Amino acid sequence: MAKQPVDYAAQLEAIDELFPMVRILDEEGKVVNEEIMPDLSDDELVELMKRMVFSRTLHERSMALAKQGRLGFYAPTYGQEASQMASSYAFEEGDWLFPGYRDVPQLIAKGLPIYKGFLWSRGHVEGNDYPEDLHAMPPQIIIGAQLIQAMGNAVGQKLNGSDNVTYVYTGDGGSSQGDSYEGWNYASRYKAPIVFFIQNNGFAISTPREKQSAAKTLAQKAVAAGIPGVQVDGNDALAVYAVAKQAREYAAAGNGPVLIETITNRLGAHSTSGDNPKLYRTDEDIELWTGREPLLRMRKFMEDKGLWNEDMETEYVDQVKDEIKEAIQKAEAAPQQKVSDFLKNMFENPGQNIKEQIEQYEAKESE
């Protein structure tokens, strides 16, 4: 019998083996891969821990504010603190951030005032009005669309000779969108300085990861675009930082994009818009991932090094709560929006009919 020209099974197996998961800390906070330990000072480790605690506190207070009707749309971040905060910590002030709707913590860490994040959640136009020196875009609601925008920004950086890079986030669901493939492919073709993050948190709303793609990893989707792909333990802050830092340096050196898949888990609802994870998740699954959550792991590591303790965390959480309280009060004091302003913001050169509508609304609003 003639030999088959291609061993398809062997080809798939070979691709799968190219993407082992990078890890530094085990679930007990012990170092299991000293060779790739990032070069972070004690002060930098404390700062990273603070960013993760900030994100957790912001999540808890945002959930409470949403239940009180003081916020609008909110996408929980519980369980993704290492994936979000450790990755963003690897980038520089001049780098451009393109977030999805679950990535408000990275925006705040980059310099967005907290009250602006709250105004965005409330649908207020001022929530999209960023300081000129803040290199970031508002959170993208359309799934995957931010990858196209980020790719364009990165190509622009290359054409302008910038030393900075772009970094962009989507989820496992976003990685199934056509915009994601187009973004990876175009960025690859032009060797754009960009790092793509797929935060694989297990579910695209209620659709499990295994029902979205037959690929063993999402990182291997990079193969088709001709760019490096990496899978990292997204609940291991040190591994996430190390991989993100290396990817940034690679992209900044003119080598082109990198695709990073962070394996994490969304420990809660998809959003505050009525999702109930208990309809599609088991208690055992939630309990398993809760035991793997990133703050437990990083806290143990930091305590073993004598850099963190319960009193430090309590004091910092109280400080963050005060900042959040002040921010929500400032957000609630923002001027009420007007229909006339919506029209003015929508049309740079309004036609006669829009001008008439603006005049009519302004007359009503002044009564």
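As annotated in an unreviewed UniProt entry, the protein chain is Pyruvate dehydrogenase E1 component subunit alpha from Aerococcus sanguinicola. As recorded by UniProt, the Function (unreviewed entry) comment attached to the protein chain reads in full: "The pyruvate dehydrogenase complex catalyzes the overall conversion of pyruvate to acetyl-CoA and CO(2). It contains multiple copies of three enzymatic components: pyruvate dehydrogenase (E1), dihydrolipoamide acetyltransferase (E2) and lipoamide dehydrogenase (E3)." Database annotation for the protein chain, UniProt heading Subunit (unreviewed entry): "Heterodimer of an alpha and a beta chain."

> Any chance you could explain empty space enclosed by the protein here in plain terms?
Scanning all chains against the criterion turns up 1 cavity of 30 Å³ or more. Considering only enclosed or pocket space, the largest cavity measures out at about 130 Å³ in volume. Around the largest cavity, the lining is made up of 16 residues, and of these S62, Y74, V104, G117 and S121 lie nearest the centre. At the level of secondary structure, the elements contributing two or more residues to the lining of the largest cavity comprise α2 (42-67), α4 (104-110) and α5 (114-121).

> Even after reading the chapter, I still don't get the pattern of salt bridges, so can you show me in this structure?
Any two side chains of opposite charge can pair, on the condition that their charged atoms come close. A complete count under the given rule lists 17 salt bridges for this structure. A salt bridge links E332 to R70; the nearest nitrogen and oxygen atoms lie 2.7 Å apart. Residue E332 is located in helix α12 (residues 310-332), and its partner R70 is located in the loop between α2 and α3 (81-89); the two are separated by 262 residues in the primary sequence. Between R248 and D95 there is a salt bridge, with the nearest N and O atoms lying 2.7 Å from each other. Of this pair, R248 sits in helix α9 (residues 237-255) while D95 is found in the loop between α3 and β2 (96-98), placing the two residues 153 residues apart along the sequence. Here R248 matches D95 in class, with each residue buried. Taken together, the salt bridges that share partners define one network made up of R23, E27, D233, R292 and R297.

> Please clarify how unusual backbone geometry should be interpreted in this entry.
One non-glycine residue, K191, lies in the positive phi region at around 45°. Within the secondary structure, K191 is located in the loop between α7 (178-189) and β4 (194-200).

> Which parts of the structure should I look at to understand the sheet that holds strand β7 (residues 229-233)?
For sheets, the rule is that strands pair by backbone hydrogen bonds, running either parallel or antiparallel. Taken together, 6 strands build an open sheet; the order of strands is β1-β7-β8-β4-β3-β2 and the sheet is parallel. Only two strands of the sheet have a single neighbouring strand rather than two, namely β1 (21-22) and β2. Relative to β4, strand β3 (residues 166-171) runs parallel, the two being bridged by 6 bridges. Pairing of V168 across the sheet is with F196, part of β4. Of the strands in this sheet, β4 and β8 (258-263) touch α7, which is tilted by about 155° from β4.

Basis of the calculations
Residues numbered from 1 in each chain as written. Predicted model: local features only at pLDDT ≥ 70, side-chain atom pairs only at ≥ 80, totals over all residues. Heavy atoms only, no water. UniProt positions renumbered as here; feature names shortened; annotations may be inferred. 1 Å grid on protein atoms, 1.4 Å probe; cavity = no way out; pocket = protein on both sides within 12 Å on 5 of 7 lines; lining within 4 Å. Points joined across faces, edges and corners; volume = space filled by probe spheres on them. Helix = DSSP H or I, 4+ residues; strand = E, 2+ residues; numbered from the N terminus. Salt bridge = Lys/Arg side-chain N within 4 Å of Asp/Glu carboxyl O. Buried < 20%, exposed > 50% of the residue type's maximum accessible area, 1.4 Å probe, protein only. Pairing = 2+ DSSP bridges. Contact = heavy atoms within 4.5 Å. Axes fitted to C-alpha atoms, helices over the stretch in contact; angles between N-to-C directions.

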